[in-house]
Structure formats: C-alpha cells, structure tokens
Amino acid sequence: MTETLSAPEAAESAGGAPELSVVVTLFQEGATLEELHRRLTTTLAAFGRSYEVLYVDDGSTDGTFVSLERIHDGDPHVRAVRLKRNVGQHPAMHAGLSRARGRIVVTMDGDLQNPPEDVPRLVEAVEAGYDVASGRRAARHDSWGRTLPSRLINGMLRRFTGVDISDFGCAFNAYRRDAVEPMLGAIGRQKFTKALVLSGGATVIEVDVGHAPRHGASSYTPLRLTRLALHVLAGFWPQPIQTAGIVLGSICSLASLGLGVYGLVYWITNSDFPGPLLLGALVVAVLGVQGFILALVGEHLGRIQRVVEHRPLYLVDREL
C-alpha cells in the first residue's frame, strides 16, 4: 500500500472529525510506549478537546507494533500505521500528517524527550491565531555533538527560509492543518517539516517546551548530522549549484578582465609583451566560462530532479 495524500478529506467526509490530531512517530520505542500513551491520553482527556492519536511505527523490530495493537484495542481514540521498513522521521511524519483529521495537528517523537504534558500549550498558541506553534527546547539535554551541528543547521535554515526562529529541529510542534496540507507533496521528500511549512508563509510563534535526556543512544550520529546539513543546502538553499557557478564565473571573469587590461597597459607602456600574464588571464577566463556552464548544468539537474522524484516515500504494512 502506498502513501495517500487525500486521507484527511476522505476521513472528514465520513464524519466525526476531531478537533485535535496528535501524530507520534515511533522507532524502537516498545519500552516507553505504554508510559507515553498513558501520559499523553491523561493530558488530552483533561484538556477538553475531542482528539485522536495517530501512531506511526517507522519499521520497528522491537515489538513496538505489538504494543500498538494492544493500545488500539483498548482506546477508541487511537489509530496506528506500520511502515514496511524504516524510512526516517520525516517520511514517517508524512504518513501521520496525511491521515490526520483534526483542525489542529500536533507532531512529536515517541521517545519521551518532549513531555506530552506540553501539548495543550502548543495547541493554545495555534488557537490564539497562529498557523504554527514552534516548540523550542529551552533547556536542551543533548551532548555537544548534537547541539553544535544543530546550531549550524538552524542558522542555515534561518538564512534560507527567512524565518527567525531558534529551533527548526524540534519535532514537537502544533500546526493549523490548512497550513500543512499545501506542503504534503514536499514533506518527507525534504527534511525539516517545520521549515517547509514556514517557508510557505505560515505565521509562527515559539513556545518553550520541556526536554529530557534520551533513553538509549541517539540515532543522529555525526555522519548523519553532516548529511542533514548537506540536505539543508540542497533542499532549502535556492539553486546551490547555480549560485556557486555564478559566483565562480563572475569572480573569474572580473579577474580575467583585470589581468587582461593590466597586461595590455603594461605591453603598451613598456613595449614588452607580458606572455605569462596574458596567458594567466586566458586561463582565468576559461575558469569563468566553466563557472557559468556549471550554473547552467545545475539548473538542468534541478529540473530533472523535480521531474523524476516520483517514487513513494514509504509503503504501509498495516493500518489500525
């Protein structure tokens, strides 16, 4: 079964859409899932809004989905999706967002680093009139190996999206659903769901949320964080190859022009042909041409990439 983008509309047509959907992505969270569900449903029941909880099992192999089946049997608010293989946080989040029926959608990881008790604060911020309530881990309990690359990536995303928030990497957020739906075609293919939604012009307010140490090792290794940084450059920096090519071409062209003019003036005033200097100007001119060719190649590669990326983000194994 492949991804479905129209699930919210189909679900609404069946009636009974809740006010609030909470999408929880899970990977190897069998040990903490029962506690997560207990704390989350206690919070939601006291909050007083109609709700549903959508758990997305991202190909776990530790019995996470067995626990989900048991939870689903005992709680009519619960829906669950199991993906055939581990595809990563953002495609898994897409599986939940595309099925969410609530007017407001909260996203969170299932590792209990963010307390479920903070869900009402995020929802109330959206109800106050914002499209996005962006979770901000004010007291972050991660190692420097996580926080330093995170600061770099946050800086790049602020620069490329033009949105001045401090924590793009926090998955604990609330969205007005009509702000998410236009971006469903890109969510999952691009990482940083929040950055995608905000890049479309959604209004945002930051809300401080709790952050606890993670149980067990993080899946975000230094290599994976480096790949995330490259993904940000490729996905959010407008036409990076074109920009690099244009900069290279412009600098080399100006340098070549300057060297050429200087060489000609030197030749005229000193009656001495500056062969090496003019040869250097020619070499730099060729580099300038190559820079502009690189920019043109980058434009074509970008168009090809947008055309050919039609394979499904994930395959669904089971739905409850």
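Scroll up for the structure.
## Let's talk about the overall build of the protein chain
- Counting secondary structure elements, the protein chain contains eleven helices and eight strands.
- Of the roughly 15,700 Å² of accessible surface on the protein chain, 60% is carried by carbon and sulfur atoms.

## Comments concerning helix 5 (residues 119-127)
- Along helix 5, the residues classified as buried are V119, P120, L122, V123, A125 and V126.
- Following helix 5 by one or two positions, G129 has its phi on the positive side, about 125 degrees.

## A word on the sheet that holds strand 8 (residues 316-319)
- Spatially, eight strands are ordered 7-5-6-4-1-2-3-8 in an open sheet, and the strand pairing comes out mixed. The sheet is open, and its two edges are formed by strand 7 (204-209) and strand 8, each paired on a single side. Geometrically, the sheet is characterised by an average inter-axis angle of 20 degrees between neighbouring strands, direction not taken into account.
- Bridge count for strand 3 (residues 78-83) against strand 8 is three bridges, and the pairing is antiparallel. Within the sheet, the bridge partner assigned to V81 lies in strand 8 and is E319.
- Contacting strand 1 (20-26), strand 2 (51-57), strand 3 and strand 4 (104-109), helix 4 (residues 89-97) runs over the sheet at an angle of about 150 degrees to strand 1.
- Packed onto the sheet, helix 5 meets strand 1, strand 4, strand 5 (132-137), strand 6 (173-176) and strand 7 and runs at close to 165 degrees relative to strand 7.

## Notes on the environment of V207
- You can see V207 is positioned in strand 7.
- Taking the C-alpha atoms as reference points, V207 and R121, 86 residues apart in sequence, are found 7.5 Å from one another.
- Ignoring any residue separated from it by four or fewer positions in sequence, one finds V207 in contact with R121, L122, A125, A133, S134, G135 and R136.

## Points about a nonpolar patch on the surface
- On the surface, L279, L282, V283, V286 and L287 cluster together to form a nonpolar patch covering roughly 440 Å² of accessible area.
- In this fold, L287 is placed in helix 11 (residues 275-308).

## Brief notes about the packing of helix 2 (residues 33-47) against helix 3 (residues 64-74)
- Packing of helix 2 against helix 3 leaves a shortest axis separation of 10 Å and a crossing angle of 35 degrees. Classified by chirality, the crossing of helix 3 by helix 2 is right-handed. Counting all contacts with helix 2, which are made through L33, E34 and H37, the residues of helix 3 involved are T64, S67, L68, R70 and I71.
- Broken down by class, the residue content of the contact of helix 2 with helix 3 amounts to three nonpolar, three polar and two charged.

## Some remarks on the packing of helix 2 against helix 5
- The geometry of helix 2 relative to helix 5 is characterised by a closest axis approach of 10 Å and an angle of 45 degrees between their N-to-C directions. One finds that helix 2 runs oblique with respect to helix 5. Side by side, helix 2 and helix 5 meet where L40, T43, L44 and F47 of the first sit next to V119, P120, V123 and E124 of the second.
- Per-class residue counts for the contact of helix 2 with helix 5 are six nonpolar, one polar and one charged.

## A closer look at the packing of aromatic side chains
- Counting across every chain of the model gives zero aromatic pairs.
- The lysine or arginine in question, R49, covers the ring of F47, its NZ or CZ lying 4.0 Å from the ring centre.

## Section: the nonpolar core
- Ranked by internal contacts, the top residues of the largest apolar core, which has 32 residues, are L20, V24, L40 and Y55.
- Each residue touching L40, except ones within four places of it in the same chain, is listed here: V22, V24, V53, Y55, M108, P116 and V119.
- If you look at the next biggest cluster of nonpolar residues, it comprises 26 residues, including A100, I165, Y175 and V180.

Conventions we followed
- Each chain carries its own residue numbering, running from 1 in the written order of its sequence.
- Owing to the predicted nature of the model, reporting of local features is limited to residues with pLDDT of at least 70; listing and counting of side-chain atom pairs is limited to 80 or more, with chain, interface and lining totals taken over all residues.
- Hydrogens and waters are ignored; side-chain quantities use all the structure's heavy atoms.
- For the purposes of this entry, the term helix denotes a DSSP run of H or I that reaches at least four residues, the term strand denotes a run of E that reaches at least two, and both are numbered from the N terminus.
- Each accessible area value is a Shrake-Rupley result obtained with a 1.4 Å probe; residue values ignore everything except the protein chains displayed when judging cover.
- Three exposure classes are used, based on accessible area relative to the maximum for each residue type with a 1.4 Å probe and protein chains only: buried under 20%, partly exposed in between, and exposed over 50%.
- The pairing criterion for strands is at least two bridges between them, as found by DSSP.
- Lines fitted to C-alpha atoms define the axes, with helix axes restricted to the stretch in contact, and inter-axis angles between N-to-C directions lie between 0 and 180 degrees.
- Pairs of residues are marked as contacts when any of their non-hydrogen atoms sit within 4.5 Å.
- What makes a patch is a set of residues exposed beyond 30% relative accessible area and free of salt bridges, joined within 9 Å when like-charged and within 5 Å when nonpolar (Val, Leu, Ile, Met, Phe, Trp, Tyr).
- Counted as salt bridges are all cases of a side-chain nitrogen of Lys or Arg within 4 Å of a carboxyl oxygen of Asp or Glu.
- Helix crossings get a hand from a simple test, with the near helix turned counterclockwise from the far one by less than a right angle marking a left-handed crossing and a clockwise turn marking a right-handed one.
- Under this grouping Gly is polar, as are all residues other than the nonpolar Ala, Val, Leu, Ile, Met, Phe, Trp, Tyr, Cys and Pro and the charged Asp, Glu, Lys and Arg.
- Here the word oblique covers every angle except those under 35 degrees (roughly parallel), over 145 (roughly antiparallel) and from 65 to 115 (roughly perpendicular).
- Two rings from Phe, Tyr or Trp (for Trp, the six-membered ring) form a pair when their centres are within 6.5 Å of each other. A pair whose planes differ by under 30 degrees is stacked, one over 60 is edge-to-face, and the rest are tilted.
- By definition here, charges over rings are those cases where NZ of Lys or CZ of Arg is within 6 Å of the ring centre and within 35 degrees of the ring normal.
- In this text, buried Ala, Val, Leu, Ile, Met, Phe, Trp, Tyr and Cys residues form a nonpolar core when linked through side-chain atoms within 4.5 Å.

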